[in-house]
Amino acid sequence: MGVTFSDDGRSSLRTYEFPEIRRDPLSRPPEDDRDLPGDDPVVIVGMACRLPGGADSPEALWELVRDGRDAVTDLPSDRGWDLDALYHPDPEHPGTIYTRGGGFLPGIDLFDAGFFAIEPHEAHAMDPQQRLMLEISWEALERAGVDPRFLRGSRTGVFSGVSRQDYCPPWRRGPAAAAGQLPTGDALGVVADRVAYTLGLEGPALTVETEGSSSLVAVHLARQSLRMGECDLALAGGVTVMARPSMLLELSRQRGLAPDGRCKAFSADADGTGWADGAGLLVLERLSDARRHGHRVLATIRGTAVDTAVDQDGAGDVSAPNGFAQQRLIRQTLADAGLAPGDVDVVEAHGTGTALGDPIEAHALIATYGRHRSPGRPLYLGSLKSNIGHTQAASGVAGLIKMVQAIRHGVLPSTLHLREPSPRVDWSAGHLALLTENTPWERRGGAPRRAAVSAFGVSGTNAHAVVEEVLDETSDDASPRTAAPDAAGGGTGPRHDALLVPVVLSGRTDTALRAQAARLRDHLARRPDADPLDVAHTLARRARFEWRAVAIVPGGQAGGGRLAGALAKLADGRRGGEVIRGGVRPAVAGGRTAFMFTGQDGQRPGMGRCLHDAYPVFRRALDEVCARFDGQLERPLRDVMFAADGSPEAALLDQTAYAQCALFAFETAMFRLLASWNLVPDILVGHSLGELTAAYLAGVWTLDDACELVAARGWLMQACRPGGAMISIRASEAAVRASIAGFAGQVDVAAINGPAATVIAGEARTVETVAANWASRGRSTSRLTIGHAFHSQHMDDMLGAFRVVAERISYRSPALPMVSNLTGRLATEAELTSPGYWVRHARHPVRFSDGVGELRREGVTSFVEVGPDAVLVALAGGCLRREPIAGGEVLLVATSRGGRSEARAAMAAAAHLDVAGFTVDWPAVCPSRPARHLDLPTYAFQRERYWLGHEAPPPRGTAGAWPVGSGSRHGARRLAFER
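Predicted model, so just to flag it, every value in this text is computed and none were measured. Within every chain, residues take consecutive numbers counted from 1 along the sequence as written. The predicted nature of this model means local features are confined to residues of pLDDT at least 70 and side-chain atom pairs, given and counted, to a pLDDT of 80 or more, with totals for whole chains, interfaces and linings taken over all residues. Water and hydrogen atoms were dropped before computing side-chain values, which therefore reflect all heavy atoms in the structure.

Caption draft 1: Broad picture of the sheet that holds strand β21 (residues 579-583). Here, a strand pair is defined by DSSP locating no fewer than two bridges between the strands. Each helix corresponds to a stretch of at least 4 residues labelled H or I by DSSP, and each strand to a stretch of at least 2 residues labelled E; elements are numbered beginning at the N terminus. Reading across from one edge, β19-β20-β21 is the order of the three strands in this open sheet, with antiparallel pairing throughout. Strand pairing shows two members of the sheet lacking a second neighbour, β19 (500-507) and β21, which therefore form its edges. Adjacent strand axes in the sheet meet at a mean angle of 15 degrees when their direction is disregarded. Relative to strand β20 (residues 547-554), β19 runs antiparallel, the two sharing eight bridges. Within the sheet, the bridge partner assigned to Ser-506 lies in β20 and is Arg-548. Residues count as neighbours in contact if any of their non-hydrogen atoms are within 4.5 Å of one another. Geometry is summarised by axes, namely lines fitted to C-alpha atoms with helices restricted to the contacting stretch, and by angles between N-to-C directions that run from 0 to 180 degrees. Those strands touched by helix α16 (residues 557-572) are β19, β20 and β21, and its axis lies near 155 degrees from that of β20.

Below is the structure:
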């Protein structure tokens, strides 16, 4: 465990080191030579987009096309264009454009550079296409349920289609502060590599520039790479941002633009295309891997092909549409998919709205798909460009995302601006139907829904793909329910009959965290039926950053209102309620962790019952230990532990024989539960009986030997002479020893729990007399609810018999370091493996206060109590307050508290550790009831303006100059604490 910083003391996405205990499940050693069957389908497991009309997610895109909205807007005002001089209605007027509209993305000058650890001077020099691809790559992975950080070093490929870039000025005229960044900021080939480098991906990184077909060619190449085993996961898509009006000017010269900026695909009044910005990305995976990783499958890429728009004799204009080449491409795709033309229901066409291109495309579709179909089963034809414009390099993947959403919703959305079918097309030559209105998409004969998507490039490179529904996945908005780990009874999460869920959020700044909460609050307000269990399951798989929050709420309908209230508090910056929040604490997260095991007097009726019901890991561990004790106790231990308060069986828990066995069983089970959550200690300490639990968990004994020793200790101590008492006095050890000097043989110091917390034990009357003397001097005293005088001369009668048992069992070298109750120092192997040590341990005082000091000297900053109540955290806190040791802050956490829900207390402990900087395996904490992966809002990027030509970029070296929480995203120190 520890903290890893970059050279300048900061950490970033590029310098993250991740816990060895959680190996990346998506990575595979390079030498793996397993068979890669060619028939293992490639599937879509995640999608993200940024498209015109506010379509900043696949769901928003679906709402746009479902509602038939037109996303064309006026020319953008945030890119430094001289709009008055740029427009002229005359197409022949030089240096101007004759359209005022298009599909433009707002805010392309904004970017969260700090999130990606990119310095401001570099961010200014980066083409917005690179920035946009970084953001939607993160979003696509989040939506796929993949933590992008755990892909570092994995065979994940990046395949990005791009358009020509005109953001950066010629290098010789670039700003001095951006010098040295322009070659990469302006390079087409860097777009995919930028994503791969930032996320640490080691698969192929390929940038594709084939104009309008770029993103669909990228998807084709990614699919091929997955099928060949070159990568195990792939990001594939494309991006276009018109930073300057160059493309508009060029198409104006060719009169290729629609004056109103709208694509009227296949319409009689088609008058040119409408240019648009956009970006879209798919997360692709082999189906077998997707199933193995539990990823939601959205659709299958059934077939793809890429071809060139050239006749066999080589004739033709490279930029002109070629119908015969398009037919050839479609047949190649169907052959790759193993389908007949009639198996495809709909085509998302290239459909740019040009008078030449659309008729050629329509005739190619009629010749391939439209013939040999019955009139009742026409091939439906639509075009997303009618809604958002021609997004150029992103158009193919945008069409794929639209059709995947149509498959999921079972509706074919209408094509806009289609007043009358183009008369240049012989529509009677085949059975094609233009989508003039939203049309239900029924499955035919039980076959899956299938759609084809076309994308053509002015380069002459064309692409075609068939996407297919996965029939065993449900098609509603929430996606199929997937079980948490081992939901059938072998998992780690709570079962549905004890349902509390942890909803986790995080951000790189406190502002980002609050924005994330606000986005989720608003999203769930529109979906009041969303189950907090599904929300928790989805968010548990996302990255954890420096500012963190956990809301612990009930699952089901009862929890919806509680979650809404918690998110509202968090968004407003208020504390309390169900929310545990804060920033990572470097001093705590960078130190070592001690688990502290409670001793006798910490037991309580019902201990473990809720956790036993809730968590299979706890249940299995507790049952295993209790089974070992059942032959050594008169009543089954678990029945005694779970008995109702006030019942005769519950009263047995106050007997030493049952109390010590119960504590050992509970603490062992809690340790196993915490380990299943990725919470493990560096060092152990126990208090009296708790040290035996610690020794077993450190590996000193087998479970059988540990249970034999604990049971013998309990019975023998219980058999010691009655009439003893134990009282805690608020005074130092030295002062208490002085006060009992006249009572030799009657009273002993039994425990030193703090600088002013000393426990005496002995004959009840004498102990009460000593305590009364201290009370008369104004010192508080507290009697322990124990009927024996442990760690005193009263124990002398049991030592011989206990030694016999201790010498009978076997010992092993401890695997974890421990602090000794006898010495208050690190225990040696010789001590822990000596029967005599454990005999003395039962008689001599517990030096817990010294042990806490030793833990601090050993670098412990996190003290986690493992027991049925919060006893030791209070004692340790007193030790640390009264005798502070140099080294900074500490964290004290109890995993259970009497009188509170055990499941809530355990989750709250995990939440406090998480907020401090620990890596908690939240999917394991989540209930093991099957849950849905929801389409929730992705990371709330905190963007700032970066735009060359309007202000000089800041000088080099300014990143990292701002303190944490200063509000400057790009300058904030980025800390990465992973345990």
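Caption draft 2: Fine view of the state of the cysteines. The rule for a disulfide is simple: a pair of cysteine sulfur atoms within 2.5 Å. Applying the stated criterion across every chain yields a total of zero disulfides. Cys-626 takes part in no disulfide bond, and the closest cysteine sulfur, belonging to Cys-707, lies 8.9 Å away. Type-normalised accessible area, obtained with a 1.4 Å probe on protein chains alone, sets the label of each residue: buried when under 20%, exposed when over 50%, and partly exposed for intermediate values. For Cys-626, a relative accessible area of 3% gives the class buried.

Caption draft 3: Region of the structure containing the environment of His-523. Mapped onto the secondary structure, His-523 falls in helix α14 (residues 510-525). In this structure the C-alpha to C-alpha distance between His-523 and Leu-936, which are 413 residues apart in sequence, comes to 7.5 Å. Not counting residues up to four positions away in its chain, the partners in contact with His-523 are Asp-935, Leu-936 and Pro-937.

Caption draft 4: Molecular detail of unusual backbone geometry. At Phe-266, a position not held by glycine, the phi torsion is positive, near 60 degrees. Looking at the secondary structure, you find Phe-266 in the loop between α8 (246-253) and β9 (278-286). A relative accessible area of 2% places Phe-266 in the buried class. Despite not being glycine, His-417 has its phi angle at roughly 60 degrees, a positive value. Relative to the helices and strands, His-417 is located in the loop between β13 (411-412) and β14 (432-434).

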